Amino acid sequence: MSKNLIIVESPAKSKTIEKYLGKDFQVLASFGHLRDLIPKEGAVDPENNFAMKYQVQERNQRHLQAITKALKGVDTLYLATDPDREGEAISWHLLEMLKDKKLLKKKTVHRVVFHEITKKAVTHAIENPGEIDTNLVDAQQARRALDYLVGFNLSPLLWKKIRRGLSAGRVQSPALRMIAERELEIEAFKSKEYWSITSKLTQEKQAFKAKLTHFKGEKLSQFSITNDAQAVATQAELEKAAQGHLVVANLEKKQRKRNPSPPFTTSTLQQEAARKLGFTTKRTMMVAQQLYEGIDIGGGETSGLITYMRTDSVNLAGEALENIRDLISEKYGADQVPKEPRSFKTKSKNAQEAHEAVRPTLAQQTPTDLKKYLSSDQFKLYDLIWKRTVACQMIHATINTVSVDLNCGNEKNVFRATGSVIAKPGFMAVYLEGQDDSKEGDDKETFLPAMKKGDSIPLDAIVTNQHFTEPPPRYSEASLVKALEEHGIGRPSTYASIISTLQNREYVTLDKKRFYPTDVGRIVAKFLTDHFTQYVDYDFTAKLEDNLDAVSRGEKDWVPLMSAFWKPFTKLIHEKEESVQRKDVTQEALDEKCPECDKQLSIRLGRNGRFIGCTDYPTCSYTRNLNDDGTEANEPEIVADRKCPSCESDLVIKTGRYGKFIGCSSYPKCKHIEPLEKPLDTDVECPKCKKGSILKRKSRYGKIFYSCSDYPKCDYALWNVPVKDPCPACEWPILTLKTTKRRGPEKVCPQKDCKYATPYEGDPEDINGPKS
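Criteria and thresholds
Residues numbered from 1 in each chain as written. Predicted model: local features only at pLDDT ≥ 70, side-chain atom pairs only at ≥ 80, totals over all residues. Heavy atoms only, no water. Helix = DSSP H or I, 4+ residues; strand = E, 2+ residues; numbered from the N terminus. Buried < 20%, exposed > 50% of the residue type's maximum accessible area, 1.4 Å probe, protein only. Contact = heavy atoms within 4.5 Å. Lys, Arg positive; Asp, Glu negative; His and termini not counted. Charge placed at Lys NZ, Arg CZ, Asp CG, Glu CD. Phe/Tyr/Trp six-rings, centres within 6.5 Å; stacked < 30°, edge-to-face > 60°. Lys NZ or Arg CZ within 6 Å of the ring centre and 35° of its normal. Pairing = 2+ DSSP bridges. Right-handed = clockwise from strand over helix to strand, strands pointing away. Axes fitted to C-alpha atoms, helices over the stretch in contact; angles between N-to-C directions. Parallel < 35°, antiparallel > 145°, perpendicular 65-115°, else oblique. Left-handed = near helix turned anticlockwise from the far one by under 90°. pLDDT = per-residue confidence, 0-100.

1. Brief notes about the overall build of the protein
Phase 1: Scanning the protein from N- to C-terminus turns up 18 helices and 35 strands.
Phase 2: Considering the protein as a whole, with its 772 residues, one finds that 49% of them fall into the buried category.
Phase 3: For the protein, the share of sequence-separated contacts (at least 6 apart) that also reach a separation of at least 24 residues comes to 64%.
Phase 4: Positive and negative side-chain charges in the protein, numbering 119 and 107 respectively, have mean positions lying 3 Å apart.

Encoded structure:
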């Protein structure tokens with residue numbers, strides 16, 4: 001029997017560690033938090049120093065039983081949960097429960113921490129154990145209590161003032177405010193017209209362009225030319241002055257250096273994975289967890305491939321730096337290694353510098369070498385992390401830039417051409433950081449032909465270009481994470497959950513990788529901003545996070561911090577319960593009379609979103625629709641080139657309880673309806689009736705499922721993507737594609753009694769089914 005018991009959070013990690021330590025160590029997983037606050041009022045008692053009432057989570061009851069059973073025969077217990085506040089709290093909760101059960105008599109208890117799952121790191125941690133950091137536990141408890149108190153007190157107020165079932169969160173609410181305010185900025189934005197003038201030239205058979213910077217001695221600004229007539233007049237004067245050529249008046253050459261970006265933190269990893277790979281934050285963290293916990297890399301060896309992925313530090317360990325520098329020298333040449341290792345300073349003032357950045361555990365394990373052992377997602381993310389880490393320790397890139405001023409007729413009319421050439425790529429040969437919302441052509445190099453002062457350059461044409469100013473872009477996942485980090489809202493481990501929560505609550509939707517607030521989301525954001533201004537204020541939220549970090553460092557006590565938050569917060573809740581009327585929140589008065597009863601109209605919130613209705617409801621039931629952007633809807637959009645198959649009337653696009661659909665314009669005489677998006681054929685024959693094919697459909701709640709085209713005659717349906725391959729085990733005609741956090745993408749048999757499953761090596765995007 002093993003003499004030592006180690007507790008980690010995930011079963012994947014437990015298998016890897018058990019292989020490293022041998023038969024004297026048994027490793028069990030807690031599967032996350034074993035207990036949590038009781039899910040009802042009174043779980044946190046503000047009148048009793050915020051004492052908390054916990055209960056074992058039902059889903060983890062059996063895991064606790066397994067741990068208590070294994071503990072009976074061991075001498076030493078090692079608590080090896082993740083190296084952050086959550087991990088510290090999980091260890092503390094388990095320790096408290098075991099103490100209550102009196103199972104720790106004559107047993108030694110240690111807390112061990114490792115930031116990578118490698119044999120060397122795990123062995124070193126076991127040989128150098130420590131104790132639970134109560135400061136980290138206090139910080140986590142304070143955070144959990146704050147989230148509970150905000151949720152259990154603010155959410156019922158939203159039910160009363162807006163709609164039942166709504167909820168508000170301490171960190172999610174400022175994030176919602178960001179998205180809603182950006183939408184208001186876009187709606188209020190007034191586009192302005194402006195023009196630019198460009199010359200097209202050719203020198204030594206090489207074409208290039210130059211932009212007008214000065215006209216008649218005046219330097220041009222963005223809005224110097226604001227209409228077509230002005231642009232054409234300027235063009236004509238320049239063409240007359242040019243006489244078919246421009247003269248090089250000045251030529252300036254410079255050399256600049258570009259340094260590499262620091263290695264990944266959690267935030268920058270999520271941003272880059274979104275930009276370069278198209279991953280959501282949730283998907284990024286799921287795949288990173290797999291790489292951290294351990295991958296079988298052949299020969300029976302399982303190893304963690306990256307360091308701990310929840311970090312705000314940009315430090316690299318000394319040993320890692322040596323490995324990276326050796327690899328660069330060997331793979332790219334000794335001249336690509338700077339004299340001294342590069343060091344980076346984190347932008348986060350609360351970064352735990354004892355931690356490391358996200359990096360490969362061994363730089364010599366290149367993506368190419370590991371590709372055959374990794375799933376598609378794992379390879380893409382590991383490749384990104386490996387390249388960023390290696391590049392950060394390479395020499396700078398050297399870029400030659402040249403700018404040429406060309407006179408048009410005289411020195412008062414000036415065109416400028418700029419170009420750049422990468423003289424020495426340095427780190428750019430391996431990795432270049434992506435950008436959010438970059439303009440087309442921003443990253444493109446422009447090469448200019450050889451020129452010298454006094455050269456006469458043939459002019460091909462002078463062209464005018466019309467432009468319009470654009471509103472600020474809606475947030476993508478990458479830019480939202482960046483904004484949250486810049487404002488100090490949330491911490492590395494919370495960004496993915498913040499975004500998921502906003503989507504799950506249907507406060508925002510993600511369309512073409514951009515966040516749009518829903519009608520309910522906008523009203524909740526406005527209500528919180530108007531009535532709980534302090535609590536959704538970015539600076540207040542960031543300062544509260546700073547105070548929680550101070551608790552984790554032992555600089556502040558958590559109980560006074562809780563009191564300072566709770567007393568004014570609960571007072572404000574009671575005030576708003578009395579002073580705020582529901583109609584003030586959900587209705588927006590319009591300067592328009594009802595055409596049926598002459599009372600005032602208002603924009604109101606219904607179960608299908610916002611609409612225009614009479615304020616004298618229910619006496620008057622007049623209503624009309626609003627468009628998605630909040631503007632007044634006109635006549636329903638008619639579906640082109642189609643008629644109702646039942647009555648030959650026009651088909652129109654309507655909005656119902658579950659979104660948009662196509663319906664007959666003669667309703668209620670004709671009740672023909674059909675989905676706006678037609679089901680997509682997967683070309684897989686239905687295995688049940690063998691007559692229809694399986695179609696990809698969307699449920700009324702927006703969830704994708706797959707069912708027989710012969711419904712309702714055949715009711716065969718699936719949640720996972722069907723594949724034409726028959727099951728090798730039970731010979732069922734089809735398999736399905738399924739992905740799980742533990743095992744990744746797999747082909748599985750859809751029959752309940754058959755357990756067949758095999759890893760899927762294709763593109764995991766196929767799991768989303770056929771593309772439209």
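Once you've had a look at it, read on.
2. Some details on the packing of aromatic side chains
Phase 1: Enumeration according to the criterion identifies 14 aromatic pairs in this entry.
Phase 2: An aromatic cluster is built from F527, F532, Y535, F540, F565, W566 and F569, whose rings are joined through pairwise contacts.
Phase 3: Above the plane of the ring of Y538 lies R177, whose end atom (NZ or CZ) is 4.6 Å from the centre.

3. Things to note about the pairing of strand β8 (residues 108-111)
Phase 1: As paired elements, strand β7 (residues 76-79) and β8 share four bridges and run parallel to each other. Looking across to β8, one finds that L79 is bridged to R111.
Phase 2: In this view, the connection linking β7 to its parallel neighbour β8 by way of helix α3 (residues 85-100) has right-handed handedness.

4. Some details on helix α1 (residues 11-21)
Each turn of an α-helix holds 3.6 residues, which means side chains three or four residues apart point in the same direction.
Phase 1: For α1, the complete set of buried residues consists of P11, K13, S14, T16, I17, Y20 and L21.
Phase 2: One or two positions beyond α1, positive phi appears at G22, with a value near 85 degrees.

5. A look at the packing of helix α2 (residues 61-71) against α3
Phase 1: Put simply, α2 and α3 touch, their axes get as near as 12 Å, and they point 60 degrees apart. Looking at the two axes, α2 sits oblique to α3. Pair α2 / α3 crosses with right-handed handedness. Two secondary-structure elements touch here, α2 through L64, I67, T68 and L71 and α3 through L94, M97 and L98.

6. Thoughts on the confidence of the model for the protein
Phase 1: Per-residue confidence for the protein averages 88 on the pLDDT scale, and 93% of its residues sit at or above 70.
Phase 2: Within the protein, the element-level pLDDT minimum falls on strand β23 (residues 623-625), averaging 81, and the maximum on helix α12 (residues 376-391), averaging 96.
Phase 3: Counted against residues more than four places away or in other chains, residues 764-772, with its pLDDT under 50, gives 27 contacts.

7. Digging into the sheet that holds strand β29 (residues 693-698)
Phase 1: Here four strands make up an open sheet; going across it, the order is β28-β29-β30-β31 and the pairing antiparallel. At either margin of the open sheet sits one strand with a lone partner, and together these are β28 (680-685) and β31 (717-718).
Phase 2: Bridge count between strand β30 (residues 704-708) and β31: two bridges; the pairing is antiparallel. Opposite Y706, over in β31, you have L718 as the bridge partner.

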